[in-house]
Amino acid sequence: MSINYIETEDLRRMEGKDGLILQGCGGELQEWLDGINEMFTEAGILKNGAEFQDISSFEYDGLTCLLYPFEGVDLDIGKLAVWRLQTHENFGGTWLSDFVPNRLGGFIGEPEKPDCALIGQDGNIFNLVGIAARTLREHGLTDQAKEMKDRVFASGSYGEALCIIGEYVNITDTEQEQRASLRQQLKGTKTAEPSARPKPEKQQER
């Protein structure tokens, strides 16, 4: 069992997921994890021996809040909904899917991967990761650039390193722009009309 410390922006990137958020969780956080597991087991909310293994802690409006994610946990959602309503005054319980739109301005998608012309470049992994990192920084993705480099240099093979780079950028061909430019030039160039052949002059009769 573990407790992860996150920022509210991390919650905004959890679109498609859900969980129970408890607000104003003072004291030892491990006691909140153990206590909720015990309480929900006794109430029949947690089923078949299931329990929350990993929860997340974050600060909001001066309060310590805990997120209990539903993913991978066998729950009786109906009983949990009743418990949440009955205990809201004490625990401030709400759903992640309600908390983010109502308190944080809604979910945000993952940033789009920028195009990065790596095909045709020197295939040395240090060269490739340098180009990809520079592309990410140019698109304002400095944290992703550092994360990518750390993962690449901790990878176990060249192929794995390339796959990691591909998670952060769209790997494109260095010749694509040249080919596009050539096509544009051809499209804009009008074919010259063939010059008319001069008519042979009539030979004068002698």
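Along its length, the chain carries eight helices and seven strands. Partitioning the contacts of the chain with sequence separation of at least 6, the portion at a separation of at least 24 is 67%. For the chain, the exposed surface amounts to about 13900 Å²; the carbon and sulfur share of it is 47%.

This part covers the layout of surface pockets. Any empty space left between atoms is shown by rolling a water-sized probe over those atoms. Approximately 150 Å³ is the volume found for the second largest pocket. Asn4, Met14, Lys17, Asp18, Asp54, Ser56, Leu67, Pro69, Phe70, Glu71 and Leu96 are the residues that line the second largest pocket. Mapped by element, the contributors of at least two residues to the lining of the second largest pocket are strand E3 (54-60) and strand E4 (63-69).

Further remarks concern the nonpolar core. Formed by 23 residues in total, the largest nonpolar core has its most connected members in Leu20, Leu22, Phe40, Phe52, Tyr68, Leu80 and Trp83. The element contributing the most residues to this core is helix H2 (residues 29-42), with five residues. Beyond its immediate chain neighbours, meaning those up to four positions away, Phe40 contacts Leu20, Ile45, Leu46, Phe52, Leu80 and Trp83. Cys116, Ile125, Ala133 and Tyr168 belong to the second largest nonpolar core, which has 18 residues in total.

A few words on the packing of helix H5 (residues 125-138) against helix H7 (residues 158-168). When two helices pack together, you describe them by how their axes are tilted relative to each other and by the distance separating the axes. Relative to each other, H5 and H7 sit at 10 degrees, their axes nearing to 11 Å. Overall, the two elements H5 and H7 adopt an arrangement that is roughly parallel. Here H5 contributes Ile125, Leu128, Val129, Ala132 and Leu136 to the contact with H7, which in turn contributes Tyr158, Ala161, Leu162, Ile165 and Tyr168. For the contact of H5 with H7, the residue count by class is 10 nonpolar, no polar and no charged.

Let us now look at unusual backbone geometry. One non-glycine residue with positive phi stands out, namely Asn48, at about 55 degrees. The backbone of Asp61 shows a phi angle near 55 degrees, a positive value even though the residue is not glycine. Secondary-structure assignment places Asp61 in the loop between E3 and E4. By relative accessible area, Asp61 is classed as exposed at 67%.

Below, the discussion takes up the pattern of salt bridges. Under the definition given, this model contains four salt bridges. The salt bridge partner of Glu9 is Arg12, with a shortest N-O separation of 3.3 Å. One end of the pair, Glu9, and the other, Arg12, are both in helix H1 (residues 8-12), three residues apart, so they sit about a helical turn from each other. Note on Glu9: relative accessible area 35%, which makes it partly exposed. On the basis of relative accessible area, Arg12 is assigned to the buried category, the value being 16%. For Asp150, the salt bridge is made with Lys146, and the minimal N-O distance between the two is 2.9 Å. One end of the pair is Asp150 and the other is Lys146, both in helix H6 (residues 142-153) and four residues apart, which spans about a single turn.

Looking now at the side chain of Arg12. Polar contacts involving the side chain of Arg12 include one to the main-chain carbonyl oxygen of Gly106, which spans 2.7 Å. The contact partners of Arg12, leaving out residues within four places of it in the chain, are Val100, Leu104, Gly105, Gly106, Phe107 and Ile108.

Across a regular strand the side chains alternate sides, sitting on one face of the sheet and then on the other. Pairing of strand E1 (residues 2-5) with E3, which is carried by four bridges, proceeds in the parallel orientation. When the bridges of E3 are listed, Ile3 appears paired with Ile55. Two strands pair when backbone bridges link them, and E3 and E4 are joined in this way by five bridges, in the antiparallel orientation. Note that in E4 the partner of Phe58 across the bridge is Cys65. Connecting E3 to the next strand, E4, in antiparallel fashion are two residues, including Asp61 with a positive phi near 55 degrees.

Thresholds, definitions, all that
- Residues numbered from 1 in each chain as written.
- Predicted model: local features only at pLDDT ≥ 70, side-chain atom pairs only at ≥ 80, totals over all residues.
- Heavy atoms only, no water.
- Helix = DSSP H or I, 4+ residues; strand = E, 2+ residues; numbered from the N terminus.
- Contact = heavy atoms within 4.5 Å.
- Areas by Shrake-Rupley, 256 points an atom, 1.4 Å probe, with all protein chains shown as cover.
- 1 Å grid on protein atoms, 1.4 Å probe; cavity = no way out; pocket = protein on both sides within 12 Å on 5 of 7 lines; lining within 4 Å.
- Points joined across faces, edges and corners; volume = space filled by probe spheres on them.
- Core = buried A, V, L, I, M, F, W, Y, C linked by side-chain atoms within 4.5 Å.
- Buried < 20%, exposed > 50% of the residue type's maximum accessible area, 1.4 Å probe, protein only.
- Axes fitted to C-alpha atoms, helices over the stretch in contact; angles between N-to-C directions.
- Parallel < 35°, antiparallel > 145°, perpendicular 65-115°, else oblique.
- Nonpolar A, V, L, I, M, F, W, Y, C, P; charged D, E, K, R; others polar.
- Salt bridge = Lys/Arg side-chain N within 4 Å of Asp/Glu carboxyl O.
- Polar contact = N/O pair within 3.5 Å; in protein donor to acceptor, adjacent residues only side chain to side chain.
- Pairing = 2+ DSSP bridges.

Function cannot be inferred from these measures alone, as they are strictly geometric.
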